[in-house]
Amino acid sequence: MMQSISGINHVPMGSYVPAAGREEPEKIRQPEEKTKESSQKPVRDEYVPEKKPGPDGAEKNGKSCTCNTDKVDREIEKLKKQKQELTQQISRETDGSKVKALQKQLAQVERELSQKDNDTYRRQNAVYTFS
């Protein structure tokens, strides 16, 4: 008998002989015939989409969200009025030291106004109500 290079002994398919002390392998089982239960449609998971809010914040299931910026708008209006009053006081004032103090106040009000008079500030400080 010729020995293979790999060291594996090749045995022809029909001539399987179990090794000493070992049982024969179990015979391959044939698949059972289909029963009525297995011929029914298999149970599958069902996808139920989540209800997402629309572009206006209202959900599709009837709930809604309202955004109230009245408080922020009043705050901005107050700052605008204060700016206008300071500008008028500066134009009427004759004392140079008082003018500098008023201009300093005006600069502060203008800085605060520039930070608050925008959509981002309004959205961040708005009052949201869900119903």
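Everything numeric in this text was worked out from a predicted model, so none of it was measured.

Draft legend 1. Main features of the nonpolar core. Counting residues in each nonpolar core, the largest one holds eleven residues, listed as Val72, Ile76, Leu79, Leu86, Ile90, Val99, Leu102, Leu106, Val109, Leu113 and Tyr121. Elements supplying a minimum of two residues to this core: α2 (70-92) and α3 (96-116). Excluding its chain neighbours within four sequence positions, the residues that come into contact with Leu113 are Ile76, Leu79, Lys80 and Lys83.

Draft legend 2. Structural view of the environment of Lys100. Mapped onto the elements of the fold, Lys100 is located in helix α3. For Lys100, a relative accessible area of 62% puts it in the exposed group.

Draft legend 3. Just the packing of α2 against α3, in detail. For the pair α2 and α3, the least separation of the axes is 9 Å and the interaxial angle reads 155 degrees. Judged by the inter-axis angle, α2 sits roughly antiparallel to α3. Viewed along their axes, α2 and α3 form a crossing whose handedness is left-handed. Here Glu75, Ile76, Leu79, Lys80, Gln82, Lys83, Leu86, Thr87, Gln89 and Ile90 of α2 lie close against α3, whose contacting residues are Val99, Leu102, Gln103, Gln105, Leu106, Val109, Glu110, Glu112, Leu113 and Lys116. For the contact of α2 with α3, the class distribution of residues is nine nonpolar, five polar and six charged.

The rules behind the values
Residues numbered from 1 in each chain as written. Predicted model: local features only at pLDDT ≥ 70, side-chain atom pairs only at ≥ 80, totals over all residues. Heavy atoms only, no water. Core = buried A, V, L, I, M, F, W, Y, C linked by side-chain atoms within 4.5 Å. Buried < 20%, exposed > 50% of the residue type's maximum accessible area, 1.4 Å probe, protein only. Helix = DSSP H or I, 4+ residues; strand = E, 2+ residues; numbered from the N terminus. Contact = heavy atoms within 4.5 Å. Axes fitted to C-alpha atoms, helices over the stretch in contact; angles between N-to-C directions. Parallel < 35°, antiparallel > 145°, perpendicular 65-115°, else oblique. Left-handed = near helix turned anticlockwise from the far one by under 90°. Nonpolar A, V, L, I, M, F, W, Y, C, P; charged D, E, K, R; others polar.

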